[in-house]
Amino acid sequence: MAESDGEGVMIENEEQLWNEVFKVVATECDAYAHGEIDNALRAWLSLASRCRRDFSLSEDDVAACAQHLLNGRLFAVNPEYVRTQIIYSLLQDDNPAHLYPIASFLLLDGRADETTFRRMVDESCFQRLVDLIVGRKEEDPGLHLLLLELIYETSRIQQLRVQDLIQVDDAFVSSLFQLVEGLADDVHDPCLYPIIRVLLVLNEQYMVASATAVTDSASPTAPLTNRVVKCLSLYGLHYKTFGSNIILLLNRETETSMQLLILKLLYLLFTTKATYEYFYTNDLRVLVDVIIRNLLDLPNELTSLRHTYLRVLYPLLAHTQLSHPPHYKREEIQKVMKLLAGTGNVHFEAADETTLRLVDRVSKVKWLLEDGTGSGEIARKLIGISLSSTEAASSISVVDVAAVMEKPGVQTRSRKAEDEAELERNRIAAKNSGGGSVTPIPSRGKKPLPELPKRRRGPPCISATPIVDNCVPSVGVPNGTATVNPSKKLPPKAPPPRRKGKLRAVSSASNQPDPAF
């Protein structure tokens, strides 16, 4: 599409702008009337670009223009031709005002229909997006964010071609790490996590390409260099913010595909000697807590995700700073391994062979062993196999981790949430059936605080005769009868101080003979 014919339209306010947009997207064109369709698309692109340029409207208004095109008759009658023309515009147009509505349309269309993203890869849009992203952060942050989201969505639904990955150089990857480091003091910047996601998906693409090279004889013999791991191996000390953020992201993430992206990079970093100690020690301890929590919370059916967590846990405990004392949560890790092996808890089903092998491998980490023997007998006792130390330590390859995939958008199920939902359904069913009172959901009440011990002054007074509390002798009463005064409590008397001189005098006097009378 060339210069838009819509430039000559006199538009003085936003209302006229939106009226023109609605009129253009409702244009009726025959399927083969390509000239009319091109004219309508030029008019739409001009109107959409004027949202930001002339009326200072927000990015959401530009996205609304793209959504109106998707919902209009122009696209409904000619979806393939319109989509093709928009993709070609991305490849050819360098005007930032035009690129924003073009990227918005492709992102919305691709999220509704993944064939758009696949078509973009076939048309070599990946390299174009890489070129557009470089240096765009300072010029146009909004367009930079949109391009990051577009390249992420395009890359995560399919395997990129080798010729696409070859176009990613060290300078591009380093620039992304530098952007993350520059946002260390601004965690609320909207570009932070989109940049991290692009780095994560690039790492997965490198892993898949390497795994394909191992299993496919037709693939190129020279393996691709994983530039994400390479950059962290060489300059990891300067990019610590990225490491802290991916652990924080794993702690909060509920989408399975995103968890797998993070775990795959962690696996490579913990199995690459140059990056053994890339992370801060406190971040590694947080990661252990997250892995323990997620392993216990995963339902029994999510075996692939559980296997990936276990594959990451072993090098985390064996290769990083956590292998040095003081060892972090040794007893908790041992208990979790026993539970995952199917012993000690009825809520966990019998483990499969792969889980038992991975649990056995984790249990053989040196500092987890007890009295020279750890949980290494689990596999032999439960499934009748015996693993040597070499097999237990090095049998897992990058192919196993790279092969684990999940469709984007799938949320990870939670054992705790499902149990609570089941209990709530039972309560509602009992209430609707008129079964009387509904048993409330059990909750763990707060434990009462222990009573403070009463402090006393002086040694306890021991007497052979009972003593009445708060009794004082009454003056003027016969025989000194004691009366009770309930309104006044007298403190116990302190013992008199010990006097050594007097004691010596008394002792010497006791040695004198009694005087005669």
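A few points on the structure.

Rules used throughout
Residues numbered from 1 in each chain as written. Predicted model: local features only at pLDDT ≥ 70, side-chain atom pairs only at ≥ 80, totals over all residues. Heavy atoms only, no water. Helix = DSSP H or I, 4+ residues; strand = E, 2+ residues; numbered from the N terminus. Buried < 20%, exposed > 50% of the residue type's maximum accessible area, 1.4 Å probe, protein only. Contact = heavy atoms within 4.5 Å. Areas by Shrake-Rupley, 256 points an atom, 1.4 Å probe, with all protein chains shown as cover. Core = buried A, V, L, I, M, F, W, Y, C linked by side-chain atoms within 4.5 Å. Arc of directions from axis to C-beta. Polar contact = N/O pair within 3.5 Å; in protein donor to acceptor, adjacent residues only side chain to side chain. Salt bridge = Lys/Arg side-chain N within 4 Å of Asp/Glu carboxyl O. Phe/Tyr/Trp six-rings, centres within 6.5 Å; stacked < 30°, edge-to-face > 60°. Lys NZ or Arg CZ within 6 Å of the ring centre and 35° of its normal. Axes fitted to C-alpha atoms, helices over the stretch in contact; angles between N-to-C directions. Parallel < 35°, antiparallel > 145°, perpendicular 65-115°, else oblique. Left-handed = near helix turned anticlockwise from the far one by under 90°. Nonpolar A, V, L, I, M, F, W, Y, C, P; charged D, E, K, R; others polar.

## Some thoughts on the overall build of the chain
- Looking only at helices and strands, one finds 25 helices and two strands in the chain.
- When each of the 517 residues of the chain is scored for burial, the buried share is 42%.
- Sequence-distant contacts, at least 24 apart, represent 73% of the contacts inside the chain between residues at least 6 apart.
- Taken as a whole, the chain presents about 29200 Å² of accessible surface, with 53% of it coming from carbon and sulfur.

## Here's the deal with the nonpolar core
- Core analysis: the biggest nonpolar cluster contains 134 residues, and Trp-44 and Phe-242 have the highest contact counts within it.
- The dominant element in this core, judged by the number of residues it contributes, is helix α13 (residues 192–215), at 13 residues.
- Setting aside chain neighbours within four positions, we find Trp-44 in contact with Val-24, Val-25, Cys-65, Ala-66, Leu-69, Ile-86, Pro-101 and Phe-105.

## Quick notes on helix α14 (residues 227–235)
- For α14, every residue scored as buried is listed here: Val-228, Val-229, Cys-231 and Leu-232. Mapping the buried residues of α14 onto a view down its axis gives an arc of 160 degrees, with all of them on the same face.
- Measuring from the side-chain oxygen of the N-cap residue of α14 to the backbone nitrogen of Val-228 gives 3.1 Å; that N-cap residue is Asn-226.

## Digging into the environment of Asp-93
- Following the sequence through the fold, Asp-93 ends up in the loop between α5 (79–92) and α6 (96–112).
- Relative accessible area serves as the criterion here: at 14%, Asp-93 is assigned to the buried category.
- Residues within four places of Asp-93 in sequence aside, it is in contact with Leu-45, His-98, Leu-99, Ile-102 and Arg-128.
- There is a polar contact of 2.9 Å between the side chain of Asp-93 and the side chain of His-98.

## Topic: the pattern of salt bridges
- Enumeration over the complete set of coordinates arrives at 19 salt bridges.
- Between Lys-264 and Glu-204 there is a salt bridge, with its nearest N and O atoms 2.7 Å apart. Note that Lys-264 is positioned in helix α16 (residues 256–271) and Glu-204 in helix α13, a separation of 60 residues in sequence.
- Assessed through its relative accessible area of 0%, Lys-264 is described here as buried.
- With its nearest N and O atoms 3.4 Å apart, the salt bridge here joins Asp-360 to Lys-364.
- If you follow the salt bridges from partner to partner, you end up with Glu-80, Arg-83, Asp-109, Arg-119 and Glu-123 in one network.

## What to know about the environment of Leu-356
- Positionally, Leu-356 belongs in helix α20 (residues 353–363).
- You can call Leu-356 buried: its relative accessible area is 1%.

## A short note on the packing of aromatic side chains
- Considering all chains together, one arrives at seven aromatic pairs under this definition.
- A ring pair is formed by Phe-75 and Phe-105, whose centres lie 5.8 Å apart and whose planes are at 80 degrees; its orientation type is edge-to-face. Linking Phe-75 in helix α4 (residues 73–77) with Phe-105 in helix α6, this pair joins segments that are 30 residues apart in sequence. With respect to burial, Phe-75 and Phe-105 carry one shared label: buried.
- On the numbers, 5.6 Å between centres and 55 degrees between planes, the contact of Phe-270 with Phe-279 is tilted.
- Through a chain of ring-to-ring contacts, three or more aromatic side chains come together here, namely Trp-44, Phe-75 and Phe-105.
- Positioned above the aromatic ring of Tyr-152 is the side chain of Arg-197, whose terminal nitrogen or guanidinium carbon lies 5.7 Å from the ring centre.

## Observations regarding the packing of helix α3 (residues 59–71) against α6
- The interhelical angle for the contact between α3 and α6, taken along N-to-C directions, is 60 degrees, at an axis separation of 9 Å. With respect to α6, the element α3 is oriented oblique. Pair α3 / α6 crosses with right-handed handedness. Facing Glu-59, Val-62, Ala-63, Ala-66, Gln-67, Leu-69 and Leu-70 of α3, the residues of α6 in contact are Tyr-100, Pro-101, Ser-104, Phe-105, Leu-108 and Asp-109.

## Some details on unusual backbone geometry
- Residue Pro-325 is joined to Pro-326 through a cis peptide bond whose omega torsion reads 0 degrees.
- Although it is not a glycine, Ser-124 sits at a positive phi angle of roughly 65 degrees.
- As for its position among the elements, Ser-124 is in the loop between α7 (115–122) and α8 (125–133).
- A positive phi is found at Lys-329, a non-glycine position, where the angle reads about 50 degrees.
- Assessed through its relative accessible area of 30%, Lys-329 is described here as partly exposed.

## Some thoughts on the side chain of Ser-323
- One can find Ser-323 in the loop between α18 (303–319) and α19 (330–340).
- Once you skip the residues sitting within four places of it in the chain, Ser-323 turns out to touch Leu-317, Ala-318 and Trp-367.

## A short note on the packing of α16 against α18
- At their nearest, the axes of α16 and α18 sit 9 Å apart, and the two run at 30 degrees to each other. Viewed along their axes, α16 and α18 adopt a mutual orientation that is roughly parallel. Our pair here, α16 against α18, has a crossing hand that is left-handed. For the pair formed by α16 and α18, the contact residues are Thr-256, Gln-259, Leu-260, Leu-263, Leu-266, Tyr-267, Phe-270 and Thr-271 on the first element and Leu-305, Thr-308, Tyr-309, Arg-311, Val-312, Pro-315, Leu-316 and His-319 on the second.
- A breakdown of the residues in the contact of α16 with α18 according to their chemical character gives 10 nonpolar, five polar and one charged.

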